Amino acid sequence: MRFIKSYVLRAGRMSDAQRRSYENFSGSYCIPFQPEPLDIPRIFGNENPLTVEIGFGMGIATAQIAEANPGINYLGFEVHRPGIGRLLWEIEERGLSNIRIVEYDAVEGIEKMIRPGEAAAFHIFFPDPWPKKRHHKRRLVTRPFTDLLAEKLSGNGYIYMVTDWVEYADWALAELSATPHLVNPYTGNGGFAPPQMWRPRTKFEQKGLAKGHEVREIYFKHISV
Ligand SMILES: C[S@@+](CC[C@H](N)C(=O)[O-])C[C@H]1O[C@@H](n2cnc3c(N)ncnc32)[C@H](O)[C@@H]1O
């Protein structure tokens, strides 16, 4: 879909526990990239709604959300292997059956692996802000990628993004507002959503708050035509 990636692969060190979890459990919970749609009900063994998360980082918030919502399936895209190892550890530790991981670029992965109308939700928590002007083109929450997300959403599905970078929040709000088939139910407070109380604090959020950053929440719903 686009050639400029929204990430730069970091050669992050894996802890022994992350490496062990990756070696032992990736075969059970990681799905290889494939250039055609996944059979989601077969993968999860049920017809529950699907939430897709882009860039789960260490995945602790992902595991907490999945544990609190056993009736929802979670498919997380991440390219940072230590984080994948950590989420695999959480899945085993908590005995979760409703998470699967794709170790691949979410932009291409969602385009190819998710059918139109199949995702009930997209979660994007603290995407890389790419603050320098010359890097803005790497920002994930940008059209036409947001058009693709809208196409993949089911009838009353939603996109929920949170960032601690105020200028990126304004950017993402404008991009999502300009995306066909999405509507912002929150008109007060400059269009930002109130904090969604069910969302646990993520690792990057903690770092941002420690630096005094303000957190902005953005929530758009899909409208069928
Ligand atoms: C700033 S971190 C936030 C991690 C986590 N959501 C949190 O709040 O702690 C952004 C993450 O998104 C991942 N990421 C960025 N672009 C991605 C893409 N196109 N596909 C998959 N993962 C991506 C990065 O590897 C990184 O781990």
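Residues numbered from 1 in each chain as written. Predicted model: local features only at pLDDT ≥ 70, side-chain atom pairs only at ≥ 80, totals over all residues. Heavy atoms only, no water.

Draft legend 1. Focus on the overall build of the protein chain. Counting secondary structure elements, the protein chain contains eight helices and seven strands. For a compact globule of 225 residues, the expected C-alpha radius of gyration is about 17 Å, and the protein chain comes in at 17 Å, within 12% of that figure. Taken along its principal axes, the extent of the C-alpha atoms in the protein chain is 45 × 40 × 35 Å. Summarising the internal contacts of the protein chain: among those between residues at least 6 apart in sequence, 82% fall at separations of at least 24. Per element, the accessible surface of the protein chain, about 10900 Å² overall, is 53% carbon and sulfur. Across the protein chain, the mean location of the 28 positive side-chain charges is 6 Å away from that of the 26 negative side-chain charges. (Helix = DSSP H or I, 4+ residues; strand = E, 2+ residues; numbered from the N terminus. Rg over C-alpha atoms; globule rule 2.2 N^0.38 Å. Contact = heavy atoms within 4.5 Å. Areas by Shrake-Rupley, 256 points an atom, 1.4 Å probe, with all protein chains shown as cover. Lys, Arg positive; Asp, Glu negative; His and termini not counted. Charge placed at Lys NZ, Arg CZ, Asp CG, Glu CD.)

Draft legend 2. Layout of the packing of aromatic side chains. Per the stated rule, a full pass over the model turns up six aromatic pairs. Both rings, one in Tyr-186 and one in Tyr-219, keep their centres 6.0 Å apart while their planes meet at 80°; by these two values the pair is edge-to-face. One end of the pair, Tyr-186, is in the loop between strand 6 (182–183) and helix 8 (203–210); the other, Tyr-219, is in strand 7 (residues 216–222), with 33 residues separating them in the sequence. On the accessibility criterion, Tyr-219 (14% relative accessible area) is buried. One aromatic cluster is present, formed by Phe-125, Tyr-158, Tyr-160, Tyr-186, Trp-198 and Tyr-219 through successive ring pairs. (Phe/Tyr/Trp six-rings, centres within 6.5 Å; stacked < 30°, edge-to-face > 60°. Buried < 20%, exposed > 50% of the residue type's maximum accessible area, 1.4 Å probe, protein only.)

Draft legend 3. Representation of the site of the ligand. Surveying the vicinity of the ligand reveals 19 residues, the closest of which are Ser-6, Glu-78, Asp-105, Phe-125 and Thr-202. Here Ser-6 contributes a side-chain N or O atom positioned 2.8 Å from a nitrogen atom of the ligand. A distance of 2.7 Å is found between a nitrogen atom of the ligand and a side-chain nitrogen or oxygen belonging to Asp-105. In isolation the ligand offers 600 Å² of accessible surface; the protein chains occlude 96% of this area. Among the elements of the structure, strand 2 (73–78) and helix 8 are those that each provide at least two residues to the shell around the ligand. Residues belonging to the shell around the ligand are distributed by class as follows: nine nonpolar, five polar and five charged. (Near = heavy atom within 4 Å. Polar contact = N/O pair within 3.5 Å; in protein donor to acceptor, adjacent residues only side chain to side chain. Nonpolar A, V, L, I, M, F, W, Y, C, P; charged D, E, K, R; others polar.)

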